[in-house]
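The chain contents come next:
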Amino acid sequence: MTARIVNACMVCALALALGVLGCEKTETGGEEMAAKGTEMKAAAYTAIANMGATNGNSAHGTVTFTKVEEGVRVVAHFEGVPAGDHGFHIHEFGDCSSGDGKSAGGHFNPYSVPHAGPDGEQRHVGDLGNITANADGVAEKEFVDAMLGFEGERSIAGKGVILHANADDLTTQPTGAAGARISCGVIELAAEPVSEK
Ligand SMILES: [Cu+2]
């Protein structure tokens, strides 16, 4: 009688131990799979916008977008840009066909909130602030933006990128008074990570 109880308890203990081990194994496996999934996504989520000059302008370059843990890293490189600050936004349509950039539509603003700067409490997802061109017409900027994404409502894939003639004052609604559109591009997903210049 006593021996049976002991045996039964050992079986119980063994089952518990196996059960716990089993669970731990599953959890570890899950984490590993999740980590691999993240790596694969990070590699896949690289995009580039080849920026062409709009009619009568010379501003052109590239903007790359890469998924990182904190959001999306943006690396912009322009040439042929008049010296000074220029509004820099993601616009709602990946369409530069009109020649003046207007076919790219308004700012990418999936939450229908007011225009602001990139650090605004509320802002258009596409509100990326300004880029400053030097006396040689070169404008470069690199930053990570937490609002941008490659999935769901915030996905920038297929959207437009616009560089404006004037500075974005980060206040005037709904455009920041950034004026004409001097360069336009479409955010296209890259199969492979692209070089940044
Ligand atoms: Cu704009």
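A description of the overall build of the chain should follow, citing residues and the corresponding values.
Scanning the chain from N- to C-terminus turns up one helix and eight strands. Along the chain direction, N to C, the helices and strands of the chain fall in the order α-β-β-β-β-β-β-β-β. Counting all 197 residues of the chain, 34% fall into the buried class. Put simply, of all contacts in the chain between residues at least 6 apart along the chain, 61% involve residues at least 24 apart.

An account of the nonpolar core is needed here, citing residue identities and associated values.
Grouped burial of nonpolar side chains is what soluble globular proteins tend to show. Counting residues in hydrophobic clusters, the biggest one holds 33 residues, and the most contacted among them are F78 and L163. Apart from the residues within four sequence positions on either side, L163 is in contact with M51, A59, F78, H86, F88, I131, I182 and S183.

Which residues make up the pairing of strand β2 (residues 60-68), and what values go with them?
Taken across its nine residues, β2 has seven buried, putting it largely inside the fold. Summarising the sheet, strand β1 (residues 46-53) and β2 pair through six bridges and their orientation is antiparallel. Across the sheet, residue T46 finds its bridge partner in β2, namely T66. Linking two consecutive strands that pair antiparallel, namely β1 and β2, is a turn of six residues; a positive phi of about 85 degrees is found at G56 within it. One ladder, built from nine bridges, connects β2 with strand β3 (residues 71-79); its direction is antiparallel. Each bridged residue has a counterpart across the sheet, and for K67 the counterpart in β3 is V72. Between the antiparallel neighbours β2 and β3 lie two residues.

Mind laying out unusual backbone geometry, listing which residues take part and the relevant values?
For the bond running from Q173 to P174, omega is -5 degrees, close enough to zero to count as cis. Of note, P174 is situated in the loop between β7 (160-164) and β8 (181-190). In this model, S112 sits at a positive phi of 50 degrees, which is unusual for a non-glycine residue. Residue position: S112 is located in the loop between β4 (84-91) and β5 (127-133). The phi dihedral of A177 falls on the positive side, at around 55 degrees, and the residue is not glycine. In this structure, A177 sits in the loop between β7 and β8.

Tell me about the environment of P110, and name the residues and values.
In this structure, P110 sits in the loop between β4 and β5. For the pair formed by P110 and R154, sequence separation is 44 residues and the distance between their alpha carbons is 7.1 Å. Those residues within four positions of P110 in sequence are excluded, and the remaining contacts are V125, E153 and R154.

Basis of the calculations
Residues numbered from 1 in each chain as written. Predicted model: local features only at pLDDT ≥ 70, side-chain atom pairs only at ≥ 80, totals over all residues. Helix = DSSP H or I, 4+ residues; strand = E, 2+ residues; numbered from the N terminus. Buried ≥ 20, exposed ≤ 12 C-beta atoms within 10 Å, placed from the backbone. Contact = placed C-beta atoms within 7 Å. Core = buried A, V, L, I, M, F, W, Y, C linked by C-beta atoms within 7 Å. Pairing = 2+ DSSP bridges.

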